[in-house]
Amino acid sequence: MARNDAGRFQRAYELFRASGGSAPIAALNARLQSEGLEPITERMYTHLRDLHEDGFPVYRPANEHEQWRKALRAPRATRIANGLVDLLRDQNPWWSGKPGPPPRTYRRWLFPEVRDSLLTGLTPAVVLRGPRRVGKTILLRQIIEDLLKEGRRPREILYLPFDELKPLLRLSMPVLTLARWFEQNILGCTFNEAARAGLPALLFLDEVQNLDNWAPQVKSLVDNHSVRVLVTGSSSLRIEQGQDSLAGRITTLELGPLLLREIAGLRGDVEEGPYWARGNVTDLLQKEFWSDLVAFTQARAPIVRESFARFSERGAYPFAHDGEDAPWEKIAAFLQDTVIKRAIQHDLRTGERGRKRDEDLLSEVMKLACRYAGQAPAVTELARQVNVTRHASLGSRRVGHYIEFLDRTLLIRLVKPIEIRLRKRHSPSRICVSCHSIRAAWLGEVVSLDPHVLRQHPESADLAGHLAESTLGYFLSTIPIPEVRWQPEREGHPEVDLVLGVGDRWIPIEVKYKAKIDPFRDAAGLRAFLDRPSLRAPFGLLVTREPLDPPWIDDRILALPLSSILWMR
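All of these numbers come straight from a predicted model, not from anything done at the bench.

Asker: So, the sheet that holds strand E1 (residues 125-129): which residues are in play, and what are the values?
Answerer: In any sheet, the strands associate via hydrogen bonds between backbone groups, in a parallel or an antiparallel arrangement. Spatially, the five strands line up as an open sheet ordered E2-E3-E4-E1-E5, and their pairing is parallel. Since the sheet does not close on itself, it has two edges, and those belong to strand E2 (157-161) and strand E5 (250-254), each with one partner. For this sheet the average axis-to-axis angle between neighbouring strands, irrespective of direction, equals 15°. Pairing between E2 and strand E3 (residues 201-206): five bridges, direction parallel. Paired with proline 161 across the strands is aspartate 206, a residue of E3. In this fold helix H6 (residues 111-120) packs onto E1, E3, strand E4 (227-233) and E5, with an angle of close to 145° to the strand it touches most, E4. Helix-sheet contacts for helix H11 (residues 214-224) involve E1, E3 and E4, and the interaxial angle to E4 is about 165°.

Asker: Explain the sheet that holds strand E11 (residues 540-544) to me, and be specific about the residues and the numbers.
Answerer: In space, the six strands of this open sheet follow the order E8-E9-E10-E11-E13-E12, with mixed pairing throughout. The two strands at the open ends of the sheet, each matched to only one other strand, are strand E8 (483-487) and strand E12 (552-554). When the angles between neighbouring strand axes are averaged without regard to direction, this sheet yields 30°. Across the sheet, helix H14 (residues 287-298) lies against E11, E12 and strand E13 (557-561), angled at about 30° from E13, the strand it touches most. Its contacts with the sheet place helix H22 (residues 461-477) against E8, strand E9 (496-502), strand E10 (505-512) and E11, and it is angled at close to 150° to E10.

Asker: Outline the pattern of salt bridges, supporting the account with residue identities and numerical values.
Answerer: Tallied over the full model, the rule gives 28 salt bridges. With its nearest N and O atoms 3.1 Å apart, the salt bridge here joins glutamate 35 to arginine 31. Residue classification places glutamate 35 among the partly exposed residues on the basis of a relative accessible area of 34%. Classification of arginine 31 by relative accessible area gives partly exposed; the value is 43%. When the shortest N-O distance is used, the salt bridge between arginine 390 and aspartate 358 registers 2.9 Å. Of this pair, arginine 390 sits in helix H18 (residues 379-390) while aspartate 358 sits in the loop between helix H16 (328-347) and helix H17 (359-371), and the two are 32 residues apart along the sequence.

Asker: Break down helix H5 (residues 82-91) for me, citing the residues and quoting the values.
Answerer: Those residues of H5 that sit buried are Leu84, Val85, Leu88 and Gln91. Angular distribution of buried residues about the axis of H5 spans 125°; they occupy a single face of the element. Exposed side chains of H5 directed beyond 90 degrees from the buried face belong to Asn82 and Asp90. If you follow the buried residues of H5, they end up packed against helix H7 (136-149), E2, helix H8 (166-169) and helix H9 (174-187).

What counts and what doesn't
Residues numbered from 1 in each chain as written. Predicted model: local features only at pLDDT ≥ 70, side-chain atom pairs only at ≥ 80, totals over all residues. Heavy atoms only, no water. Pairing = 2+ DSSP bridges. Helix = DSSP H or I, 4+ residues; strand = E, 2+ residues; numbered from the N terminus. Axes fitted to C-alpha atoms, helices over the stretch in contact; angles between N-to-C directions. Contact = heavy atoms within 4.5 Å. Salt bridge = Lys/Arg side-chain N within 4 Å of Asp/Glu carboxyl O. Buried < 20%, exposed > 50% of the residue type's maximum accessible area, 1.4 Å probe, protein only. Arc of directions from axis to C-beta.

See below:
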């Protein structure tokens, strides 16, 4: 900066400070011109405001203060198209002192953990993954809204929605390019300078699975700049592809469809903490944990029943419970278009090295996954059905790969068989769909899980039983740390629907979703599992349609309804 520029800037800052930081640029320039000085530029005025907000009480000439000298030195500009600049300003209205979209008042259960991990976590970057339409972007916007209300400077926050602004995808290295532009044009100093002043910049990168090389860019960003980054993604497949290069730099959190208690909270029925937060996983090995859960939900029986009925009717995606009750046909169409088809057409369509996957085959395999929800079909059988439908001759390996792709969109979970012996047998995985509403929307077949409805339609009981297994399997697979498997029938040992591994111990879980429970026959598989000393099973769980009285079938087996176990978190 030339000497006369530094002189007018120094005088402008003195006047600006004397006004308490409120003088507009026009008033400052009028005063400068009356004193024979050139007016300051918009860029200089931005520096005045930023330096005043940073709390510098006294101006120091540029040759006496290194930080100021760098702030006043014009860096080489990073240029992007004017239209893209306008789009970025529209997505970040707080830069201009304008509010963003009204945030939803209800917060998902993971909100505090995501916020704390972003601001004070051990890693500079947080990855929030989950299926589409579960509320990741809303959670992100709620965090931004909170930070602004708490006094965080608007110019320290950058939001980039890669799922909405297609021009961003056409940039070379868009994360790094836009971060540099933000540094120069909005933040007003480097990321490291802002961090040294105690005000690190926060970058929110939404739906990064649309970027082929997002991970190397984020790695370069956090390795060389003191920033905090929150990344969201709907494709586990593409998120996993970047995790190796980001080892030690990211914390990964997962958000799925609504929990049962969240449905109650979203509808305004109740607002309370979970029975079991993310705490000591060894709690799951205690009998008292599960028996107390039964008592906990029985004490709240009316609201648990009502929430489960709504879950059964409308599923667990947040939009299905917003505002006025939309008819199921609209919910189903929305699920098809914005959740399933978007995952198939966008998150999975492009494979390695830009290769295109077969969209029709993905759709057909998704239909089969829905038909076999809660079951463990052999891949060879799935391939046979695909070939019959498509009049093709596809190999089972390719169909198996496509099932695994769907697992990585988080639309389904593949629960693998338990393998106790070193000599493994290749049993198939149990298919668990993220929500029974996904199955209903994709197949056009509605099956209720509500006990009251099933009493009126007993012909649906068998299919409802499979969906109960699917629902429980997906739910348990979202609990951090424990391992979720299933026990195939083999060597004289009966099948067990699900097995929860905690350390070197296993808890067998059998789902019997029917009107009447036979304590002897329906718990036979659990007893056989419990009688095997090598499995070290402390007790077993029998998941039922409705509560049993008393809940303990014997001293080793506890019966509890599906609604109770879904209220656990």
